[in-house]
Amino acid sequence: MTSSNPLLDFSGLPRYSAVTADHITPAVDLLLAECRAADAKLTNPSVPATWQDFVEPLANVHERLERAWGMVGHLHGVLDSPALREVYNANQPKVVDYFSELGQNLALFEKYKALRASAAFASLNPSQQRIIDHAIRDFRLSGAELADADKARYTEIQAELAKLQTRFSENILDATNAFDKLIERKEDLAGVPDDVLEGFRAAAERDGKTGWKLSLQLPSYLPVMQYADNRALREELYRAHATRAAEFGKPELDNTPLIRRILELRADEAKLLGYHDFAEISLIPKMAKDPEQVLSFLRDLAGKSLPFARRDMDELRAFARDELKLANLESWDIAYASEKLRAKRYAFSEQEVKQYFPETKVLEGMFRVVQTIYGITIEPDQAETWDPSVRFFRVRGRNGATIGQFYLDPYARESKRGGAWMDEAIIRRRLANGVQTPVAYLVCNFSAPIGGKPALL
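Numbering of residues begins from 1 in every chain and follows the order in which that chain's sequence is written. It should be noted that, the model being predicted, local features are given only for residues of pLDDT at least 70 and side-chain atom pairs only at 80 or more, the latter also being counted only at that level, while totals for whole chains, interfaces and linings use all residues. Side-chain measures were taken over the full set of non-hydrogen atoms in the model, leaving aside hydrogen atoms and water.

Student: Please give an account of the overall build of the protein chain that cites residues and values.
Tutor: Counting secondary structure elements, the protein chain contains 15 helices and nine strands. In terms of overall dimensions, the protein chain has a C-alpha envelope of 80 × 50 × 45 Å along the principal axes. Three labels apply to residues, based on accessible area from a 1.4 Å probe with only protein chains included: buried if under 20% of the type maximum, exposed if over 50%, partly exposed otherwise in between. Put simply, the protein chain has 457 residues, and 40% of those count as buried. Approximately 25000 Å² of the protein chain is accessible, and the part contributed by carbon and sulfur atoms is 55%. Charge counting follows a simple rule: Lys and Arg are positive, Asp and Glu are negative, and His as well as the terminal groups are ignored. Every charge is mapped to an atom, namely NZ of Lys, CZ of Arg, CG of Asp or CD of Glu. Once the 60 positive and 66 negative side-chain charges of the protein chain are each reduced to a mean point, those two points are 4 Å apart. Going along the chain from the N terminus, every DSSP run of H or I of four or more residues is numbered as a helix, and every run of E of two or more is numbered as a strand. Using a 1.4 Å probe, the Shrake-Rupley method yields the accessible areas, and only the shown protein chains count as cover for residues.

Student: Lay out helix α7 (residues 194–206) in plain terms, naming residues and giving numbers.
Tutor: An α-helical turn contains 3.6 residues, so any two residues separated by three or four positions project in the same direction. Expected helix span is given by 1.5 Å per residue-to-residue step, counting one fewer step than there are residues. If you check α7, its first and last C-alpha atoms are 18 Å apart, about what 13 residues at 1.5 Å a residue would give, namely 18 Å. Regarding α7, the residues found buried are V196, L197, G199, F200, A202, A203 and A204. On its buried face, α7 is in contact with β1 (180–183), β2 (212–215), α8 (218–227) and α14 (350–354). In the stretch just after α7, G208 is the one whose phi turns positive, near 75°. A contact between two residues is defined here by any heavy atoms of the two lying within 4.5 Å.

Student: For the packing of helix α3 (residues 82–103) against helix α6 (residues 148–178), give the residues involved together with the corresponding values.
Tutor: Between α3 and α6, whose axes approach to 9 Å, the crossing angle comes to 150°. Overall, the two elements α3 and α6 adopt an arrangement that is roughly antiparallel. When the axes of α3 and α6 are compared, the crossing they make is right-handed. When α3 is examined against α6, the residues R85, Y88, N89, Q92, V96, D97 and S100 are found in contact with a partner set consisting of T155, Q158, A159, A162, K163, T166, E170, L173 and D174. Partitioned by chemical class, the residues of the contact of α3 with α6 number five nonpolar, six polar and five charged. Only C-alpha atoms enter the line fits that serve as axes; for helices the fit covers just the stretch in contact. Angles between N-to-C directions range over 0 to 180 degrees. Any angle that falls under 35 degrees is termed roughly parallel, while one over 145 is termed roughly antiparallel, one within 65 to 115 roughly perpendicular, and all others oblique. Should the near helix be turned counterclockwise from the far one by less than a right angle, the crossing is left-handed, whereas a clockwise turn marks it as right-handed. Gly counts as polar in this scheme, as do all residues outside two lists: the nonpolar Ala, Val, Leu, Ile, Met, Phe, Trp, Tyr, Cys and Pro, and the charged Asp, Glu, Lys and Arg.

Student: Break down the side chain of R413 for me, citing the residues and quoting the values.
Tutor: Relative to the assigned elements, R413 resides in the loop between β5 (402–411) and β6 (421–426). A relative accessible area of 13% places R413 in the buried class. Definition of a polar contact: a pair of N or O atoms within 3.5 Å, with one able to donate and the other able to accept a hydrogen when the atoms are protein atoms, and with sequence-neighbouring residues admitted only if both atoms are side-chain atoms. Among the polar contacts listed, one links the side chain of R413 to the backbone oxygen of V78, at a separation of 2.8 Å. There is a polar contact of 2.8 Å between the side chain of R413 and the side chain of D409. Contacts of R413, omitting those with residues within four sequence positions, involve V78, L79, Q217, W386, D387, S389 and N445.

Student: Account for unusual backbone geometry, with residues named and values stated.
Tutor: For K325, which is not glycine, the phi torsion reads 60° and is therefore positive. Looking at where K325 falls in the secondary structure, it is placed in the loop between α12 (291–323) and α13 (334–346). The exposed category is assigned to K325, whose relative accessible area is 66%. One non-glycine residue, A347, adopts positive backbone phi at about 50°. The topology assignment puts A347 in the loop between α13 and α14. Overall, A347 belongs to the exposed group, its relative accessible area being 72%.

All quantities given are derived from atomic positions and should not be read as evidence of function.
If you want it as structure tokens, here you go:
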């Protein structure tokens, strides 16, 4: 299994298309054993507390685990399945336990502190110094300086938090996928653009049905809220979307008790580490000084914005009342009324404008902007992917050398969590034989192309 396991192949790009659920447990167990063996070896007093002898070897072995588990977590987010979910949830506690154990390893912590206090620290470059400072900070935030009983409690908190946060995301995905509505009369979808209707019809056909299938995925939900003349339909979808994974649906998908418990655990974590609340911990690696600074900024922003927001809402309510005959502007009317107002008063329609933004042109324009600003070149490349719609690109610097690569996963799927995000598949590092160039992925949830036409962004 080891030689053929794609999660253990670090020779090049991740082999996403080759990974199956059966690969995960053997890879995780092997890599955890490697990490623990390396931790024990590097904490031996005979190993000098230097960058070359201590920090770099430790980073090398940990990167293998982080890359492999990162692939698993990524697939869990973009290509979920019952088999993958089961094995992910079975292995997550082992990984979380290890990183809690690592963060509380006093022998490793002491070596980092010894390196920070040594004369050799001044000879390191600023990036290396920052890495060491962050490592010391993270040891403290992981409870390395706590009493043994508190360390055990901290580990319990991290294990439970990881489980709850994963369950939270899974519940959102399952609740989103649990809703669908088949519309059998086209007139019930009056106002919805033709290209969107075509997507609804294709969705119904994939289920072997005739009509138009609506879902709570954003490429389906948003056009209904913005364009559908059918107010009852807008209300139905709005209520379904707003109450996903809540107490109004299936009890097993209700995130309410999970939210409550997550907040309790975060408060416990903050108390253990000597902070007033979890917000203080969250801000430690960020730019804001403290929670009060954040709240002060938000209050000031609200004070400056609120008068304009109230003016806009008054204008929208008057328009809805006078032009659309909506005596009360409800939440499910706002996107619809706003679109009508733009078209009526400003001759602006998002539906018309988006015809000028086919996906190919949007990507070309976006790449041209960053190429002009940064002097880089972005070109199509080849790699194994997790879905046929995923594309891969290479980024070259001014001298033509590769400085990075990235995956683009643009379209919504039932197996993919909502939203848009980016993350790293391979980090940038300076190695003995040169620079390891980074590989990232950019994930979106746009409507997929229908009928051979490009997607409109």
